[in-house]
Structure formats: C-alpha cells, structure tokens
Amino acid sequence: MIHILDEITLPPERIPEVLKLLREYHLPSHSARGLTLAGKWVSPPVAMPGKSNVLWLSWQVDNAPAWYRMRATTTPEAVECWARIDALCENRRRHVMVDADTALPVPLEADHAA
C-alpha cells in the first residue's frame, strides 16, 4: 500500500471551499483511477484569527504500479481542481510513503537513464 499525504496550508475560512472543490472536481474520478481518500484532518483543531491551518488529506493506492497508473490517468478535472486549490492556499506539499517495514525496491540502472 502506498500512502499519499497532502499538506495544504491555508486560512481556515478557505477549508470549506477546498473541500467543495475536491468533492466536485477530483473525487468523482478518483476511485476509477485506483485512488482512495482514507481521511482528512485539520490542524490545529481551532481557527485562530490571522493564523493559518493545515488541511491534511490522506490517500491510498495499492502499490507502485497503481501509483504510476493513477498518475498517468489524471483527468483534466483533477488538474483544474489542484490549480484552483493552489490559488486558495499558501503552500501545498505532497508526501508519498510506504509502511516503514516494507522492503524498498531498488531501481534498475535502466530506470535512471536519461
């Protein structure tokens, strides 16, 4: 299982708008692409005047081939969704991870040929 964690820093009043964009533009195609939304959280758990919050989105795909398949089948709606989210947020980072006990594959030399 590959876990994808999106870290989106934004004003707290923008969080509902970002979630709406995800529901309308990204989520309709995500399951067909092998992507599962596993959870969503906000930190800190309060809205402080003049301070940003972080919206955390946790996604899962089955394995490395599913990750590349998901990336290759990105829809125009998903691209538009993330562009609109980028316009609303201060910063967005994506972390792609596997369980620490998972044996990490070593890329073949051919994978590094450019």
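Residues numbered from 1 in each chain as written. Predicted model: local features only at pLDDT ≥ 70, side-chain atom pairs only at ≥ 80, totals over all residues. Heavy atoms only, no water.

Applying the stated criterion across every chain, the model contains 5 salt bridges. Salt-bridge contacts for glutamate 7 lead to arginine 93; the nearest nitrogen and oxygen are separated by 3.7 Å. Highlighted residues: glutamate 7 in strand β1 (residues 2–10) and arginine 93 in strand β4 (residues 91–98), separated in sequence by 86 residues. Arginine 93 gets classed as partly exposed once you look at its relative accessible area, which sits at 44%. The residue lysine 20 makes a salt bridge to glutamate 24 at a minimum N-O spacing of 3.8 Å. (Salt bridge = Lys/Arg side-chain N within 4 Å of Asp/Glu carboxyl O. Helix = DSSP H or I, 4+ residues; strand = E, 2+ residues; numbered from the N terminus. Buried < 20%, exposed > 50% of the residue type's maximum accessible area, 1.4 Å probe, protein only.)

Let us now look at the sheet that holds β1. Neighbouring strands of a sheet are bound in pairs by backbone hydrogen bonds; such pairs are parallel or else antiparallel. Strand order in this open sheet of 4 strands is β2-β3-β1-β4, and the pairing throughout is antiparallel. In this open sheet, the two edge strands, each paired with only one partner strand, are β2 (36–43) and β4. Strand after strand, the sheet turns through a mean of 15 degrees between neighbouring axes, direction not considered. Bridging between β1 and β4 involves 8 bridges; their strand directions are antiparallel. Paired with leucine 5 across the bridge in β4 is histidine 95. Strands β1, β2 and β3 (53–61) of the sheet are contacted by helix α1 (residues 15–30), whose axis makes an angle of about 10 degrees with β3. Here helix α2 (residues 64–72) sits on the sheet and contacts β1, β3 and β4; the angle it forms with β1, its principal contact strand, is near 45 degrees. (Pairing = 2+ DSSP bridges. Axes fitted to C-alpha atoms, helices over the stretch in contact; angles between N-to-C directions. Contact = heavy atoms within 4.5 Å.)

Let's shift gears to the packing of aromatic side chains. Counted under the stated rule, the structure contains 0 aromatic pairs. Sitting over the ring of tryptophan 82, arginine 94 keeps its end group 5.6 Å from the ring centre. (Phe/Tyr/Trp six-rings, centres within 6.5 Å; stacked < 30°, edge-to-face > 60°. Lys NZ or Arg CZ within 6 Å of the ring centre and 35° of its normal.)

Before going further, it helps to spend a moment on unusual backbone geometry. Here the residue pair serine 43 and proline 44 is connected by a cis peptide bond, since its omega of -10 degrees sits within 30 degrees of zero. Positionally, proline 44 belongs in the loop between β2 and β3.

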